[in-house]
Amino acid sequence: MADISTTLPLSRASVLAAHDLIKPHIHRTPVLTNTTLSGLASTPRSPDDLKGTRFEGRRPARPKIRLWFKCENLQRIGAFKVRGAFHALGRLMMEEGWVEGGGKERGVVTHSSGNHAQALALAARESSIKAHIVMPTISVPQKIAATRGYGATVYFSGSTSVEREAMADKVISETGARLVPPYDHPDIMLGQGTMGIELQEQVAELQSRLDPYAAPSTKGLDAIVAPCGGGGMLSGVALSAEGTGVKVFGAEPSYEGADDGKRGYETGERVAAVSSLTVADGLRTPVGEWPWKVIYEKRLVSGMYSVTEEEIKKAMRLVLERMKVVVEPSACVGLAVALFDEDFREMVEREAGDRGWDLGIVFSGGNVGADAIGRLFSE
């Protein structure tokens with residue numbers, strides 16, 4: 001990464017600057033709507049639906065929610081991660097003396113379960129930089145193959161963040177490569193936040209087409225729900241919404257303590273380690289120190305919510321069957337919150353009233369194989 005002293009301030013203006021830098025390298029992914037899913041989100045769940053859940057015995061919430069899906073599953077490499085990777089390398093090549101001093105030949109290194117691995121490999125190839133990628137042995141085979149396909153050298157490690165970081169340190173000592181972390185750096189956060197800028201713009205554009213005579217005050221998003229693993233995307237999206245009035249919420253799996261962001265947010269202390277084999281494999285990491293500054297310390301995230309493995313799979317099935325869109329489990333946690341988390345739904349009902357909310361949902365990626373989809377829904 002570029003030296004921390006040279007990074008841009010953590011602000012919406014810096015996200016806009018990051019967008020200008022990476023626009024030539026990324027897709028402006030589409031925003032989709034779906035009447036069926038918006039209808040489900042706006043329909044109270046029956047008491048029977050809540051039986052056996054953590055919400056049993058409660059009055060089902062009655063929110064009005066219009067869903068807008070930012071399809072980063074259609075991004076290059078099939079995930080939002082290219083945004084942070086291209087921004088990080090762009091900023092690194094601006095660092096005085098790095099290119100001239102042989103930085104491209106020594107290369108860059110990262111550790112990732114797959115999407116950041118592919119993103120950095122692609123960004124490095126397009127900039128003629130060597131890429132060294134540390135991946136857990138349990139990574140999805142398609143993600144490993146794609147990372148190698150972009151020309152990177154792959155090293156394998158254990159699945160925990162501690163094991164991955166130890167292997168990355170070993171590679172650095174042997175090659176002199178510069179670390180490009182998957183989420184815990186301002187350059188990554190600002191790059192990921194560019195999707196939030198696009199989402200806000202695109203929803204306003206679509207609303208204007210649907211109702212060109214509506215008052216400007218009635219257009220735009222009310223809130224965005226984004227998945228949270230290490231927090232790079234969530235914090236970046238929160239920065240993109242700074243000062244706009246758009247609320248941002250984080251969504252996590254609850255399985256085996258993968259809801260570290262939620263637990264930390266509620267106690268005021270960042271959880272530094274996670275060991276979870278949640279089906280949402282891209283969200284198995286703890287929130288990083290830099291994202292935490294935005295998520296909690298700057299209070300730019302309005303709340304954190306978590307969902308069960310079954311709720312994630314239900315949301316994924318709905319996306320596959322009703323939208324005909326291929327997404328990975330990690331991409332479905334935000335939709336699962338909107339559909340199944342009664343705390344979230346009750347909050348929307350209370351704050352939005354009869355008008356309801358226009359809610360942005362980030363589909364973070366679509367890197368899942370047909371065999372994995374079959375296994376998920378055969379259980």
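Source: prediction; values computed, not measured.

Enquirer: Is there a simple way to explain the state of the cysteines in this structure?
Expert: What is meant by a disulfide is a covalent connection between two cysteines, made through their sulfur atoms. Scanning all chains against the criterion turns up zero disulfides. Left without a disulfide partner, Cys 71 is nearest to the cysteine sulfur of Cys 332, which lies 11 Å away.

Enquirer: Just checking my understanding: could you explain helix α11 (residues 232–240) for this structure?
Expert: It helps to recall that an α-helix has 3.6 residues per turn; residues three or four apart then point in one direction. Across the nine residues that make up α11, a large majority, nine, are buried. Looking at α11, one finds that the buried residues are Gly 232, Met 233, Leu 234, Ser 235, Gly 236, Val 237, Ala 238, Leu 239 and Ser 240.

Enquirer: Could you clarify how one ought to interpret the sheet that holds strand β6 (residues 178–179) in this entry?
Expert: To summarise the sheet geometry, strands pair through backbone hydrogen bonds and adopt either a parallel or an antiparallel arrangement. Strand order in this open sheet of four strands is β5-β4-β3-β6, and the pairing throughout is parallel. The sheet terminates laterally at β5 (153–157) and β6, the two strands that pair on one side only. By the bridge criterion, four bridges tie strand β3 (residues 108–111) to strand β4 (residues 131–136) in an arrangement that is parallel. From the neighbouring strand, Val 109 faces β4, where its bridge partner is His 132.

Enquirer: Is there a simple way to think about the pattern of salt bridges in this case?
Expert: Scanning all chains against the criterion turns up 29 salt bridges. Between Asp 20 and Lys 23 there is a salt bridge, and its shortest N-O distance comes to 3.6 Å. A residue is classified by how much of its surface remains accessible, and Asp 20, at 52% relative accessible area, is exposed. Glu 198 serves as the salt-bridge partner of Lys 70, at 2.8 Å between the closest nitrogen and oxygen. Residue Lys 70 is located in strand β2 (residues 65–71), and its partner Glu 198 is located in helix α10 (residues 194–210); the two are separated by 128 residues in the primary sequence. Take Lys 70 and Glu 198: they sit in the same class, and that class is buried.

Enquirer: How should the packing of aromatic side chains be read in this particular structure?
Expert: We describe a pair of aromatic rings using the distance from one ring centre to the other and the angle between the two ring planes. Evaluation of the coordinates by the stated rule reveals seven aromatic pairs. When the centroid spacing of 5.3 Å and the interplanar angle of 85° are considered together, the rings of Tyr 305 and Phe 344 count as edge-to-face. Of the two residues, Tyr 305 is situated in strand β9 (residues 303–307) and Phe 344 in helix α16 (residues 342–352); the sequence distance between them amounts to 39 residues. Each member of the pair, Tyr 305 as well as Phe 344, carries the same accessibility label: buried. In textbook terms, an aromatic cluster arises when at least three aromatic residues are bridged by ring pairs, as seen for Phe 249, Tyr 305, Phe 344 and Trp 357. Sitting above the plane of the Trp 290 ring, Lys 293 keeps its charged end 5.2 Å from the centroid. The ring of Phe 340 carries the charged tip of Lys 314 above its face, separated from the ring centre by 5.8 Å.

Enquirer: Looking at this model, I keep getting lost on the sheet that holds β2. Mind explaining?
Expert: On the basis of which strands lie adjacent, the open sheet formed by six strands has the order β1-β2-β10-β7-β8-β9 and mixed pairing. Both edges of this open sheet fall to β1 (31–32) and β9, since each of them pairs with a single strand only. Sheet analysis places strand β7 (residues 223–227) next to strand β10 (residues 357–363), joined by three bridges and oriented parallel. Residue pairing in the sheet places Val 225 in a bridge with Ile 361 of β10. Most of the contacts of helix α15 (residues 333–340) go to strand β8 (residues 247–253), to which it runs at about 100°, and overall it touches β2, β7, β8, β9 and β10.

Cut-offs and rules
- Residues numbered from 1 in each chain as written.
- Predicted model: local features only at pLDDT ≥ 70, side-chain atom pairs only at ≥ 80, totals over all residues.
- Heavy atoms only, no water.
- Disulfide = S-S within 2.5 Å.
- Buried < 20%, exposed > 50% of the residue type's maximum accessible area, 1.4 Å probe, protein only.
- Helix = DSSP H or I, 4+ residues; strand = E, 2+ residues; numbered from the N terminus.
- Pairing = 2+ DSSP bridges.
- Salt bridge = Lys/Arg side-chain N within 4 Å of Asp/Glu carboxyl O.
- Phe/Tyr/Trp six-rings, centres within 6.5 Å; stacked < 30°, edge-to-face > 60°.
- Lys NZ or Arg CZ within 6 Å of the ring centre and 35° of its normal.
- Contact = heavy atoms within 4.5 Å.
- Axes fitted to C-alpha atoms, helices over the stretch in contact; angles between N-to-C directions.

Shape is all these values report; function is a separate question.
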